[in-house]
Amino acid sequence: MLCQRCGTVNNGGDQFCGNCGAVLPTASQPASYPVNAAPAWPSAPYGSSMDAPTVDHPLYGGQPTQYVPPAQSPAAGWATQRDGYAPPPQMTWAGAPTAQSVFPASPAGAQALPTKRRRRWPWYLLLFLVIFGLVVAGGWVLLIRPAVHQSVDAEIRQGLQRAIDQVPALPPEAPAGASFPVTEGQINDYLDRNSTQLAPITHMQVALQPGVMVVTFQAYGFGSMVRLGLAVEGGTLVARNVDVSGLLWWVESDDDLTARLNDALSQIPDKLGHQLASVAIEDGMLQLTLA
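Residues numbered from 1 in each chain as written. Predicted model: local features only at pLDDT ≥ 70, side-chain atom pairs only at ≥ 80, totals over all residues. Heavy atoms only, no water.

The number of helices and strands found in the chain is 6 helices and 9 strands. Counting over 291 residues, the chain shows a buried share of 22%. Restricting to contacts in the chain with at least 6 residues of sequence separation, those with at least 24 account for 46%. Surface summary for the chain: the accessible area is close to 21000 Å², and the carbon and sulfur share equals 60%. (Helix = DSSP H or I, 4+ residues; strand = E, 2+ residues; numbered from the N terminus. Buried < 20%, exposed > 50% of the residue type's maximum accessible area, 1.4 Å probe, protein only. Contact = heavy atoms within 4.5 Å. Areas by Shrake-Rupley, 256 points an atom, 1.4 Å probe, with all protein chains shown as cover.)

Structure representation (structure tokens):
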């Protein structure tokens, strides 16, 4: 019979432990151990020659069995390495790896990955607009403008030629040095009477300011303006300081329009039958002096 207090093995008929005197359980009373008390095994060194108590129990076939208690209880930790075997270390909460130790640290100087991809479509749109603008500009300069310029330049040449053909001839007996004025109203009346011959130019008006002639008109619904001065060279009129603005500037440059005007003005002395000595642009009046 095993003692519940000290763990001593007693004979089956004993009622008290021969070692500590504790009451032994009977055959009808199940053996129970105190919750906080552990059986005290003989503290004989592991592997010593000291004889351990024998146990006569039906589980072992009634044969005496020698019991060898462990040298160290599992609660106190495993014994040191014996015969080349060491039990694996037990993982405790104190030594459990953290999330920071499981994942390798990023190298020094490395930047954290962005949480989401940057939006690149504005840059693609801007690049597309730049390329599209370059293509349109190149097509305008190389293909469209030369064709439109040729058509507009021909229209300007024909319109100026029709205006020169309407210049009346002066009488041959006109004295040298005589001057005759051309008013702003006379010029605009002439443009109104011949407006159908100026198509696609409409609403053309001439304003005479001191030293400057200002011509405004519309073409295809878009307004344009030409500012120029007049001078006499070699007995004929020439255009000076021509400035083009508005829609006409896209297809006819200042130099192009200056050449067209001078081609038309050079025919005026032949139409008048006299050379010119000077020209003056006054407020609302154009003063011509014969040579």
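This paragraph deals with the pairing of strand β9 (residues 285-290). Of all 6 residues in β9, 5 are buried; the element is thus mostly enclosed. Across 5 bridges, strand β3 (residues 179-183) lies against β9 in antiparallel orientation. Paired with F180 across the bridge in β9 is L288. Judged from the 6 bridges that link them, strand β8 (residues 276-282) and β9 form a sheet pairing that is antiparallel. Of the residues in β9, the one forming a bridge with L276 is L290. The antiparallel hairpin formed by β8 and β9 contains 2 residues in its connecting segment, where G284 sits at a positive phi of about 80°. (Pairing = 2+ DSSP bridges.)

Within the open sheet, the 3 strands sit side by side as β3-β9-β8. Their pairing is antiparallel. Each edge of the open sheet carries a strand with a single partner, namely β3 and β8. Adjacent strand axes in the sheet meet at a mean angle of 20°, parallel and antiparallel pairs treated alike. (Axes fitted to C-alpha atoms, helices over the stretch in contact; angles between N-to-C directions.)

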